[in-house]
Amino acid sequence: MTTAHPTSTPDAMSSSDFTFTYEVPQSPQEVYAAVTNVRGWWSQRIDGATDRLGEFVYTVPQIHTTRVQVTELVPGERVVWRILDNRFGAGEGVDEWAGTTVRFDIEPAGSGARLTFTHVGLIPMLACYEGCAQGWTRNAHDSLHRLITTGAGDPITPAVEASLLSGA
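What counts and what doesn't
- Residues numbered from 1 in each chain as written.
- Predicted model: local features only at pLDDT ≥ 70, side-chain atom pairs only at ≥ 80, totals over all residues.
- Heavy atoms only, no water.
- pLDDT = per-residue confidence, 0-100.
- Contact = heavy atoms within 4.5 Å.
- Phe/Tyr/Trp six-rings, centres within 6.5 Å; stacked < 30°, edge-to-face > 60°.
- Helix = DSSP H or I, 4+ residues; strand = E, 2+ residues; numbered from the N terminus.
- Buried < 20%, exposed > 50% of the residue type's maximum accessible area, 1.4 Å probe, protein only.
- Arc of directions from axis to C-beta.
- Core = buried A, V, L, I, M, F, W, Y, C linked by side-chain atoms within 4.5 Å.
- Salt bridge = Lys/Arg side-chain N within 4 Å of Asp/Glu carboxyl O.
- Pairing = 2+ DSSP bridges.
- Axes fitted to C-alpha atoms, helices over the stretch in contact; angles between N-to-C directions.

Caption draft 1: Spotlight on the confidence of the model for the chain. Taken residue by residue, the chain gives an average pLDDT of 87. The fraction at 70 or more is 87%. Counting interchain partners and residues more than four positions distant, the pLDDT-below-50 stretch residues 1-7 has 19 contacts.

Shown next, in the form of structure tokens:
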């Protein structure tokens, strides 16, 4: 399937984990390469390797910090992260993401690939759900799709961080 836009939107009304699926004309290997290039679609402020087993930290100062363990990498098929700890805002409390799992499942689809993103444990009953669903939609749905299909994602940059802090 050759599509310029995601084929489905995130399911924010489900009682289950936050998930979405889309198909792209790129190969499963190209999708995998984009998924593991986290700086290319999520944020330029990532500390640590995202393309091998181990840990990395995502930070938007005063807004969001997440420590992630990359637990599974199967080229062309799957990327799995375990959220070790997470904080929203400047508070010290661990937030609802801690202990959840983020999965990127990739499979062949026609002459391209299908990507299914699932944040296992991010469910509508959580206080952070609405904001998190918006964030994953912006980053993993829209920006990652652009990175896969055009080679240029729309990650969070220092300029975007400044606008988030100012409320713009």
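Caption draft 2: Looking closely at the packing of aromatic side chains. Within the structure shown, the criterion is met by 16 aromatic pairs. The interplanar angle of 15° and the centroid separation of 4.0 Å between the aromatic rings of Trp42 and Tyr58 together place this pair among those described as stacked. With Trp42 in the loop between helix H2 (38-41) and strand E2 (46-47) and Tyr58 in strand E3 (residues 54-60), this pair connects stretches of sequence that are 16 residues apart. When its relative accessible area of 3% is taken as the criterion, Trp42 is described as buried. Pairing Phe104 with Phe117 gives two aromatic rings, centres 5.3 Å apart and planes at 75°, and the pair type is edge-to-face. Here the residue Phe104 occupies a position in strand E6 (residues 101-109), and Phe117 occupies one in strand E7 (residues 112-120), the gap between them amounting to 13 residues. Residue Phe117 is classed as buried on the basis of its relative accessible area of 0%.

Caption draft 3: Expanded view of the environment of Ile83. Locating Ile83 in the fold gives a position in strand E5 (residues 78-88). The residues touching Ile83, leaving out its near neighbours within four places in the chain, are Thr66, Arg67, Val68, Trp97, Ala98, Gly99, Thr100 and Val102.

Caption draft 4: Structural detail: helix H1 (residues 28-35). Every buried residue of H1 is accounted for by Pro28, Val31, Tyr32, Ala34 and Val35. Down the axis, H1 shows its buried residues gathered within 160° of arc, on one side only.

Caption draft 5: Main features of the nonpolar core. Judged by nonpolar contacts, the single largest core of 38 residues is most densely connected at Trp41, Trp42, Trp81, Phe104, Leu115, Trp136 and Leu144. A per-element tally of this core places helix H3 (residues 129-150) first, with 8 residues. With near-sequence residues (within four places) excluded, Phe104 lies in contact with Val35, Trp41, Glu77, Arg78, Val79, Trp81, Leu115, Thr116, Phe117 and Leu144.

Caption draft 6: Just the pattern of salt bridges, in detail. Overall, the coordinates contain 10 salt bridges when judged by the stated rule. Measuring nitrogen to oxygen at the nearest pair gives 2.6 Å for the salt bridge that ties Glu23 to Arg114. Of the two residues, Glu23 is situated in strand E1 (residues 18-24) and Arg114 in strand E7; the sequence distance between them amounts to 91 residues. Looking at Glu23, the relative accessible area reads 15%, which means it is buried.

Caption draft 7: Quick peek at the sheet that holds E6. Strand order across the open sheet formed by 7 strands is E1-E7-E6-E5-E4-E3-E2, with antiparallel pairing between neighbours. Across the chains shown, the open sheet's two edge strands, defined by having one partner strand only, are E1 and E2. As paired elements, E6 and E7 share 9 bridges and run antiparallel to each other. Counted as the bridge partner of Phe104 is Phe117 from E7. Set on the sheet, H3 makes contact with E1, E5, E6 and E7; between it and E1 the angle comes to about 15°.

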